[in-house]
Amino acid sequence: MGESDGRLATVGISGSPGGTSKSRQLVRYALERLAARGASTELVDLAMLPAEALLGRTAAPPVATALERAIRARIVVAGTPVYRATYSGLLKLFFDLLPQDSLVGKIGIPIVTGHDGNHSLAVDHGLRPLFASLGAVVVASGVYGMSAQFANGQAAPELLAAIDRAVDEALALAGASRA
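Given the structure is predicted, the values throughout are model-derived calculations rather than measurements.

Quick notes on the packing of helix H1 (residues 22-36) against helix H6 (residues 157-173)
Next up, step 1: Interaxial distance between H1 and H6 falls to 10 Å at its minimum, and their mutual angle equals 50°. As far as their axial angle goes, H6 and H1 are oblique. Of the two possible hands of crossing, H1 and H6 adopt the one that is right-handed. Here Leu-26, Tyr-29, Ala-30, Arg-33 and Leu-34 of H1 come into contact with H6, specifically with Leu-159, Leu-160, Ile-163, Asp-164, Val-167 and Leu-171.

Describing the packing of aromatic side chains
Next up, step 1: Scanning the model with the defined rule gives two aromatic pairs in all.
Next up, step 2: With a centroid separation of 6.5 Å and an interplanar angle of 75°, the aromatic rings of Phe-94 and Phe-95 are classed as edge-to-face. We note that Phe-94, like Phe-95, is buried.
Next up, step 3: The interplanar angle of 85° and the centroid separation of 5.6 Å between the aromatic rings of Phe-95 and Phe-131 together place this pair among those described as edge-to-face. Placement of Phe-95 in helix H4 (residues 89-97) and of Phe-131 in helix H5 (residues 122-132) is noted, with a sequence separation of 36 residues between them.

Focus on the side chain of Arg-24
Next up, step 1: With respect to the helices, strands and loops of the structure, Arg-24 is situated in helix H1.
Next up, step 2: For Arg-24, a relative accessible area of 7% gives the class buried.
Next up, step 3: Side-chain polar atoms of Arg-24 contact the backbone oxygen of Ser-16, separated by 3.2 Å.
Next up, step 4: In this structure Arg-24 touches Ser-14, Ser-16, Gly-18, Gly-19, Asp-45 and Ala-47, once residues within four positions along its chain are discounted.

Observations regarding unusual backbone geometry
Next up, step 1: One non-glycine residue with positive phi stands out, namely Arg-84, at about 50°.
Next up, step 2: Positionally, Arg-84 belongs in the loop between strand S4 (75-81) and H4.
Next up, step 3: Overall, Arg-84 belongs to the exposed group, its relative accessible area being 85%.
Next up, step 4: Even without being glycine, Ala-85 reaches a positive phi, approximately 75°.
Next up, step 5: Along the chain, Ala-85 falls in the loop between S4 and H4.
Next up, step 6: Overall, Ala-85 belongs to the partly exposed group, its relative accessible area being 47%.

Cut-offs applied
Residues numbered from 1 in each chain as written. Predicted model: local features only at pLDDT ≥ 70, side-chain atom pairs only at ≥ 80, totals over all residues. Heavy atoms only, no water. Axes fitted to C-alpha atoms, helices over the stretch in contact; angles between N-to-C directions. Helix = DSSP H or I, 4+ residues; strand = E, 2+ residues; numbered from the N terminus. Parallel < 35°, antiparallel > 145°, perpendicular 65-115°, else oblique. Left-handed = near helix turned anticlockwise from the far one by under 90°. Contact = heavy atoms within 4.5 Å. Phe/Tyr/Trp six-rings, centres within 6.5 Å; stacked < 30°, edge-to-face > 60°. Buried < 20%, exposed > 50% of the residue type's maximum accessible area, 1.4 Å probe, protein only. Polar contact = N/O pair within 3.5 Å; in protein donor to acceptor, adjacent residues only side chain to side chain.

If you want it as structure tokens, here you go:
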């Protein structure tokens with residue numbers, strides 16, 4: 001389970017509808033760190049998927065492929081900006097399409113970005129329960145990034161260190177050795 005070609009299968013899900021996205025940047029960084037530790041990685045950018053299929057109105061191969069990637073992965077990284085105090089509607093639509101218990105035995109890494117600290121609880125009151133509703137175990141070190149932690153479009157070292165901690169926890173929970 002969650003192994004492709006002998007490597008730990010991981011998927012990153014970007015729930016941002018925006019073309020430039022801090023949360024997508026952080027999901028990509030987490031995938032880079034996982035790949036550096038030997039995992040196979042894939043990014044699912046929900047903004048690029050057909051809206052009608054995400055709404056469940058039609059079937060579309062790209063959405064079916066994205067769902068299969070999430071189901072097949074051992075580690076699922078989900079990133080979203082905060083909208084109205086919670087995760088994006090895109091992320092909600094995608095998680096609603098996943099079968100019940102499809103994340104049992106999987107490890108979730110929640111990443112949320114927001115303008116300031118006022119919405120930092122969106123990790124614990126939004127993404128953590130979203131993962132748990134499908135059976136995933138969620139790392140203790142969820143990540144919340146604020147606009148002030150991005151200078152010239154680059155994430156601050158302390159924010160990248162928080163993702164490194166979450167990746168380390170996920171790999172430990174998956175039983176992967178530290179490289």
